[in-house]
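# Structural characterization, general
Below, each chain spelled out in residue letters.
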Amino acid sequence: MKNFLNFLGIAVRARKIISGTELTINGMRSGEVKLVIMAQDCSARTKKDLHNKASYYNVPVIDTISSEELKTAIGKDRKVMGITDFGFAKRLKEIMDN
């Protein structure tokens, strides 16, 4: 988990993320978002909307991180974000799968 959060922080500094529900959904529509990261304590409606959109656009979702951990990793109080770089998305997914 620590490796994931550290790497997420690097992605933020590299400006390879967009944050916020609407921006993330729009990014999935345009094909810009390669991975969705969602806090596990999001509202049920937000979770449902994002999972539906992500499965429709074939974008993987990571939703096992608390909003507090996300806040610490990126320095902002966000519950939803999209990774826009394929390399970062692939590596973050690999870290979570291990």
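A brief look at the structure comes next. Just so it is clear, the model here is predicted, and its values are computed rather than measured. (Residues numbered from 1 in each chain as written. Predicted model: local features only at pLDDT ≥ 70, side-chain atom pairs only at ≥ 80, totals over all residues. Heavy atoms only, no water.)

### Topic: the packing of aromatic side chains
A full pass over the atoms with the stated rule returns two aromatic pairs. Residues Phe-7 and Phe-88 carry aromatic rings whose centres are separated by 5.2 Å and whose planes lie at 45° to one another, so their mutual orientation is tilted. Of this pair, Phe-7 sits in helix H1 (residues 2-13) while Phe-88 sits in helix H5 (residues 86-97); the two residues are 81 residues apart in sequence, bridging distant segments of the chain. Taking the relative accessible area as the measure of exposure, Phe-88 reaches 14% and is therefore buried. Centroid distance Tyr-56 to Tyr-57: 4.9 Å. Interplanar angle 90°. Geometry classified as edge-to-face. According to the relative accessible area criterion, Tyr-56 is exposed, its value standing at 66%. (Phe/Tyr/Trp six-rings, centres within 6.5 Å; stacked < 30°, edge-to-face > 60°. Helix = DSSP H or I, 4+ residues; strand = E, 2+ residues; numbered from the N terminus. Buried < 20%, exposed > 50% of the residue type's maximum accessible area, 1.4 Å probe, protein only.)

### Notes on the sheet that holds strand S3 (residues 61-65)
What holds strands together in a sheet is hydrogen bonding between their backbones, with the strands either parallel or antiparallel. Read from one edge of the open sheet, four strands run S1-S4-S2-S3, paired in mixed fashion. The strands lining the two open edges of the sheet, one partner per strand, are strand S1 (17-19) and S3. Pairwise comparison of adjacent strand axes, ignoring direction, gives a mean angle of 20° for this sheet. Relative to strand S4 (residues 80-83), S1 is paired through three bridges, and the arrangement is antiparallel. By the bridge assignment, Ile-18 is partnered in S4 with Gly-82. Its contacts with the sheet put helix H2 (residues 21-30) on S1, strand S2 (35-39) and S4, and the angle it makes with S1 is roughly 130°. (Pairing = 2+ DSSP bridges. Axes fitted to C-alpha atoms, helices over the stretch in contact; angles between N-to-C directions. Contact = heavy atoms within 4.5 Å.)

As far as function goes, none of this settles anything; it's purely spatial.
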